[in-house]
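Listed here are the chains, written in short residue letters.
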Amino acid sequence: MQTLDIERLPENARHELIDFYEFLLSKYARSEVRVTSSEPLKFKVPREVAPFEPLSREACYER
């Protein structure tokens, strides 16, 4: 079994890593396994992004 030392990562990166690990478990694990943490997670991936703004016809062909 391999162990990762995530204490060297910033707090937000640790939360993102745990969230990704839970995603992989739900995708590949045969049984229901959850990560337990002493602190609650503050966000989940994906993050909010700015609304999509399509290019105009002129902007599409500009270089």
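To be clear, the structure that these remarks concern was listed above.
Residues numbered from 1 in each chain as written. Predicted model: local features only at pLDDT ≥ 70, side-chain atom pairs only at ≥ 80, totals over all residues. Heavy atoms only, no water.

1. A look at the overall build of the chain
And then number 1: Secondary structure summary: the chain contains two helices and zero strands in total.
And then number 2: Each of the 63 residues in the chain was classed as buried or not, and the buried ones make up 10%.
And then number 3: Of the roughly 6600 Å² that the chain leaves accessible, carbon and sulfur atoms contribute 55%. (Helix = DSSP H or I, 4+ residues; strand = E, 2+ residues; numbered from the N terminus. Buried < 20%, exposed > 50% of the residue type's maximum accessible area, 1.4 Å probe, protein only. Areas by Shrake-Rupley, 256 points an atom, 1.4 Å probe, with all protein chains shown as cover.)

2. Section: the pattern of salt bridges
And then number 1: If you walk through the whole model with that rule in mind, you get one salt bridge.
And then number 2: Residue arginine 14 is joined to glutamate 7 by a salt bridge in which the shortest nitrogen-to-oxygen separation is 3.8 Å. (Salt bridge = Lys/Arg side-chain N within 4 Å of Asp/Glu carboxyl O.)

3. Details of helix 1 (residues 11-28)
And then number 1: The end-to-end C-alpha distance of helix 1, which contains 18 residues, comes to 26 Å, matching closely the 26 Å that a straight helix rising 1.5 Å per residue would cover.
And then number 2: Considered for burial, the residues of helix 1 that qualify are Arg14, His15, Ile18, Asp19, Glu22 and Leu25. In an axial view of helix 1, the angular spread of the buried residues amounts to 135°, which keeps them on one side of the axis. Those residues of helix 1 that are exposed and angled more than 90 degrees off the buried face are Lys27 and Tyr28. (Expected span 1.5 Å × (residues − 1). Arc of directions from axis to C-beta.)

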